[in-house]
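# Chain and residue survey
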Amino acid sequence: MAWKFRRSVLGLIWVAVPSAYPREFIFETAHVRLSIAENGVVSGFSEQKTLQGLLNSTPLPLAVVKTGEQVFPVSEIRDEGSFLFRLVFGQSGVEAEYRITSRKDYLVFELIHL
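Keep in mind the model is a prediction, meaning the values are calculated, not measured. (Residues numbered from 1 in each chain as written. Predicted model: local features only at pLDDT ≥ 70, side-chain atom pairs only at ≥ 80, totals over all residues. Heavy atoms only, no water.)

## Details of the side chain of R86
By the element assignment, R86 lies in strand β10 (residues 84-88). In contact with R86, not counting residues within four places along its chain, are E76, I77, R78, E80, E95, A96 and E97. (Helix = DSSP H or I, 4+ residues; strand = E, 2+ residues; numbered from the N terminus. Contact = heavy atoms within 4.5 Å.)

## Side note on the sheet that holds strand β3 (residues 24-28)
In spatial order, the strands read β3-β4-β5-β6; together these four strands make up an open sheet with antiparallel pairing. Edge positions in the open sheet fall to β3 and β6 (60-61), since each of these has one partner strand only. (Pairing = 2+ DSSP bridges.)

## Notes on the sheet that holds strand β12 (residues 107-113)
Taken in spatial order, the four strands line up as β9-β10-β11-β12 in an open sheet, and their pairing is antiparallel. Of all strands in the sheet, those bounded by a partner on one side alone are β9 (76-81) and β12. Recorded for the sheet is a direction-independent mean angle of 30° between the axes of neighbouring strands. Bridging between β9 and β10 involves five bridges; their strand directions are antiparallel. Counted as the bridge partner of G81 is L84 from β10. (Axes fitted to C-alpha atoms, helices over the stretch in contact; angles between N-to-C directions.)

What follows is the structure, given as C-alpha cells:
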C-alpha cells in the first residue's frame, strides 16, 4: 500500500496516512481546528475542546476568484513549504500564493502573490 504524509500545523510532526484518503491540511489554534482538503474545500471547522463541528454539511471552497462575470472556486491546494500554499482556481488560469500560519487565538491568511 502506498503512503502519503500529512504535515502538522507547525510542520514539526509528520503523520503517515494511506494514500486512498484525500490529503488534508490542518490548522489549529487554542480554540478551533480548520481542515482543508487538497481540492480546496473546507472539510472541517470545529471547536478544539468539544470537537463540535461549526459548519453545516454544504461543502464550501476556501476561496474564490471572479473574472468578468464568472466565479471560480479554488480547485487545488499545493503545499509549497515554509507555510506557503499555492491555490489554483480551476480553468480561470489564476493562481494565488498564501502564507497560512496559526497563532494562539487566530489563523492568518496572508496573500503573497496573485
